[in-house]
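Each chain, written out:
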Amino acid sequence: LEILPKIQAISGNFNRAERYLMLIIQALLVREQDRQQAIDKLTVALELEDKMAKQQLFSPEFAQLHLILAEQYALHSKYQLAYEQKELYLKKYQDYRKQLRVERLAKLNKKYETDLKLKENELLKSQHELKGLQLKESEKKTLSQRRNMIILAVTAIIFLLLLIRQFRVRSILHSLSKTDSLTGLYNRRTLFEQGEFYLANAAKDTLCVIMLDIDNFKEINDN
């Protein structure tokens, strides 16, 4: 009670909400000594409600006014007024709980949306990394295919060159097996083979044979 004068001295600078709470405090301080004065202060506080935010009045700090007022009315045997104040307190308490649920639900939704966004970002990051790996794998596969094609092409060219060389060697060997390398004329083996062919067909075609006997041909052949 000793601090009441000090509180009243500074209460002129308070806003409505602060004055509302200060009147509740004053009522709590004097309710044991002067119940009517406690009721009067709470009644004055009620007159401030019309210009205060409803959500603010729903909070337990402000709603307790009705609970204290119901207690004081009950002590004065004003049970109907006590019942009405208790009803107002319960209604504000329910509204306060509803408001808390809405706020908590909003926070949960925000947290869920944040978590969902983080998960989506992680998923996008994983997909981006997967695409990067797939691109690298595709590039690696393309390089491998290109390298294999080059190796195959080089192998085919080498094989073709070897085949051409083989045909040339075979042609040369075939020519050497039939002709004399110095004169380019048929050798003895080919001459007899061709001679047998022409003799076998001499009955059908005219056959003419010229034989040359060259003296000292060995020396000519050697030189």
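Residues numbered from 1 in each chain as written. Predicted model: local features only at pLDDT ≥ 70, side-chain atom pairs only at ≥ 80, totals over all residues. Heavy atoms only, no water.

Draft legend 1. The arrangement of the layout of surface pockets in detail. Size it by volume and the largest pocket reaches roughly 1,100 Å³. Of all the secondary-structure elements, those providing two or more residues to the lining of the largest pocket are helix H7 (188-200) and helix H8 (217-222). When residues in the lining of the largest pocket are grouped by element, the largest group, 8 residues, is from H7. Looking at the lining of the largest pocket, its residues break down into 14 nonpolar, 5 polar and 4 charged. (1 Å grid on protein atoms, 1.4 Å probe; cavity = no way out; pocket = protein on both sides within 12 Å on 5 of 7 lines; lining within 4 Å. Points joined across faces, edges and corners; volume = space filled by probe spheres on them. Helix = DSSP H or I, 4+ residues; strand = E, 2+ residues; numbered from the N terminus. Nonpolar A, V, L, I, M, F, W, Y, C, P; charged D, E, K, R; others polar.)

Draft legend 2. The arrangement of the nonpolar core in detail. Core analysis: the biggest nonpolar cluster contains 20 residues, and Tyr20, Ile24, Leu42, Met52, Phe62 and Leu65 have the highest contact counts within it. Put simply, the parts of the chain that give this core at least two residues each are helix H2 (16-30), helix H3 (35-46) and helix H5 (60-75). When near neighbours in sequence (up to four residues on either side) are disregarded, leucine 42 contacts Ile24, Ala27, Leu65, Ile68 and Leu69. (Core = buried A, V, L, I, M, F, W, Y, C linked by side-chain atoms within 4.5 Å. Buried < 20%, exposed > 50% of the residue type's maximum accessible area, 1.4 Å probe, protein only. Contact = heavy atoms within 4.5 Å.)

Draft legend 3. Region of the structure containing a nonpolar patch on the surface. A cluster of nonpolar side chains, Ile157, Phe159, Leu160, Leu161, Leu163, Ile164 and Phe167, forms an exposed patch at the surface whose accessible area comes to about 710 Å². Position of leucine 161 relative to the elements: it lies in helix H6 (residues 79-178). (Patch = residues over 30% accessible without salt bridge, like charges linked within 9 Å, V, L, I, M, F, W, Y side chains within 5 Å. Areas by Shrake-Rupley, 256 points an atom, 1.4 Å probe, with all protein chains shown as cover. Salt bridge = Lys/Arg side-chain N within 4 Å of Asp/Glu carboxyl O.)

Draft legend 4. Quick look at the packing of H3 against H5. H5 packs onto H3 with a crossing angle of 145° between their chain directions and a minimal axis gap of 10 Å. H3 and H5 meet at a crossing whose hand is left-handed. Two secondary-structure elements touch here, H3 through Arg35, Ala38, Ile39, Leu42, Ala45 and Leu46 and H5 through Leu65, His66, Ile68, Leu69, Gln72, Tyr73 and Leu75. Split into classes, the residues belonging to the contact of H3 with H5 amount to 10 nonpolar, 2 polar and 1 charged. (Axes fitted to C-alpha atoms, helices over the stretch in contact; angles between N-to-C directions. Left-handed = near helix turned anticlockwise from the far one by under 90°.)

Draft legend 5. The arrangement of unusual backbone geometry in detail. Of note in this structure, serine 77 is not a glycine but carries a positive phi near 65°. Within the fold, serine 77 resides in the loop between H5 and H6. When its relative accessible area of 47% is taken as the criterion, serine 77 is described as partly exposed.

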